[in-house]
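Survey of secondary and tertiary structure
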Amino acid sequence: CRAAGITCPIVPGIKVLKSEGQLKSVPRTFHVDLPSDLVAEVLETPSKAEEIGCNWAVKQTKELLENGYMNIHFYVMNDANLVRDVIARTTGK
């Protein structure tokens, strides 16, 4: 972004994947590509999509914090409990 001349603050955003159906709806809604490993993991065990999504979000959040990002936006989309779980598992609180 900086190389392209964008100088405004950039706040990473995370959407916790909750269901197999979101493998299609999230990319369509947010115009993003999901990691192929995440997609494969959910397709392998769709009944555990929420747990898998939460695990991935915890990993991403930890990596962002470890790399100096102090502000992270979570897309709640009517499910604040998932975000609370990610935050609790990330911070230990």
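The sections below set out a description of the structure shown in this document.

Further remarks concern the nonpolar core. Within soluble globular proteins, side chains that are nonpolar generally end up buried alongside one another. The biggest cluster of nonpolar side chains holds 11 residues, and these are I14, V16, C54, A57, V58, L64, I72, F74, L82, V83 and V86. Listed by contribution, the elements that provide at least two residues to this core are helix 3 (49-66) and helix 4 (80-91). Per element, the largest residue contribution to this core is 4 residues, and it comes from helix 3. In this structure, V86 is in contact with V16, C54, A57, V58, T61 and F74, ignoring residues within four places of it in sequence. Listed in part, the 6 residues of the second largest apolar core include L17, L38, V42 and I52.

This next bit is on a negative patch on the surface. Together, D37, E41, E44 and E51 give the surface a local cluster of negative charge. Element by element, the count of residues in the negative patch is highest for helix 2 (residues 36-44), at 3 residues. Mapped onto the fold, D37 is located in helix 2.

This paragraph deals with the packing of helix 2 against helix 3. Running from amino to carboxyl end, helix 2 crosses helix 3 at an angle of 155°, the nearest separation of the two axes being 9 Å. Here helix 3 runs roughly antiparallel to helix 2, going by the angle between their axes. The way helix 2 lies across helix 3 gives a crossing that is right-handed. Across from D37, L38, E41 and V42 in helix 2, the residues of helix 3 making contact are A49, I52 and W56. Its residues assigned to classes, the contact of helix 2 with helix 3 comprises 5 nonpolar, no polar and 2 charged.

Overall, the coordinates contain 1 aromatic pair when judged by the stated rule. Geometrically, the ring pair formed by F30 and Y75 is tilted, given 5.2 Å between the ring centres and 55° between the ring planes. Here F30 is found in helix 1 (residues 22-30), whereas its partner Y75 is found in strand 2 (residues 73-75), with 45 residues between them in sequence. The exposure class assigned to Y75 is partly exposed, which follows from its relative accessible area of 32%.

A side chain of one charge can pair with a side chain of the opposite charge when the charged atoms of the two come close. Overall, the coordinates contain 3 salt bridges when judged by the stated rule. The closest approach of N and O atoms between K18 and D79, which form a salt bridge, is 2.6 Å. Taken as a pair, K18 in the loop between strand 1 (13-15) and helix 1 and D79 in the loop between strand 2 and helix 4 lie far apart in primary sequence, 61 residues in all. Overall, K18 belongs to the partly exposed group, its relative accessible area being 36%. A residue is classified by how much of its surface remains accessible, and D79, at 14% relative accessible area, is buried. With its nearest N and O atoms 4.0 Å apart, the salt bridge here joins D85 to R89.

So, how was this worked out
Residues numbered from 1 in each chain as written. Predicted model: local features only at pLDDT ≥ 70, side-chain atom pairs only at ≥ 80, totals over all residues. Heavy atoms only, no water. Core = buried A, V, L, I, M, F, W, Y, C linked by side-chain atoms within 4.5 Å. Buried < 20%, exposed > 50% of the residue type's maximum accessible area, 1.4 Å probe, protein only. Helix = DSSP H or I, 4+ residues; strand = E, 2+ residues; numbered from the N terminus. Contact = heavy atoms within 4.5 Å. Patch = residues over 30% accessible without salt bridge, like charges linked within 9 Å, V, L, I, M, F, W, Y side chains within 5 Å. Areas by Shrake-Rupley, 256 points an atom, 1.4 Å probe, with all protein chains shown as cover. Salt bridge = Lys/Arg side-chain N within 4 Å of Asp/Glu carboxyl O. Lys, Arg positive; Asp, Glu negative; His and termini not counted. Charge placed at Lys NZ, Arg CZ, Asp CG, Glu CD. Axes fitted to C-alpha atoms, helices over the stretch in contact; angles between N-to-C directions. Parallel < 35°, antiparallel > 145°, perpendicular 65-115°, else oblique. Left-handed = near helix turned anticlockwise from the far one by under 90°. Nonpolar A, V, L, I, M, F, W, Y, C, P; charged D, E, K, R; others polar. Phe/Tyr/Trp six-rings, centres within 6.5 Å; stacked < 30°, edge-to-face > 60°.

Such coordinate-based values are descriptive only and should not be taken to indicate function.
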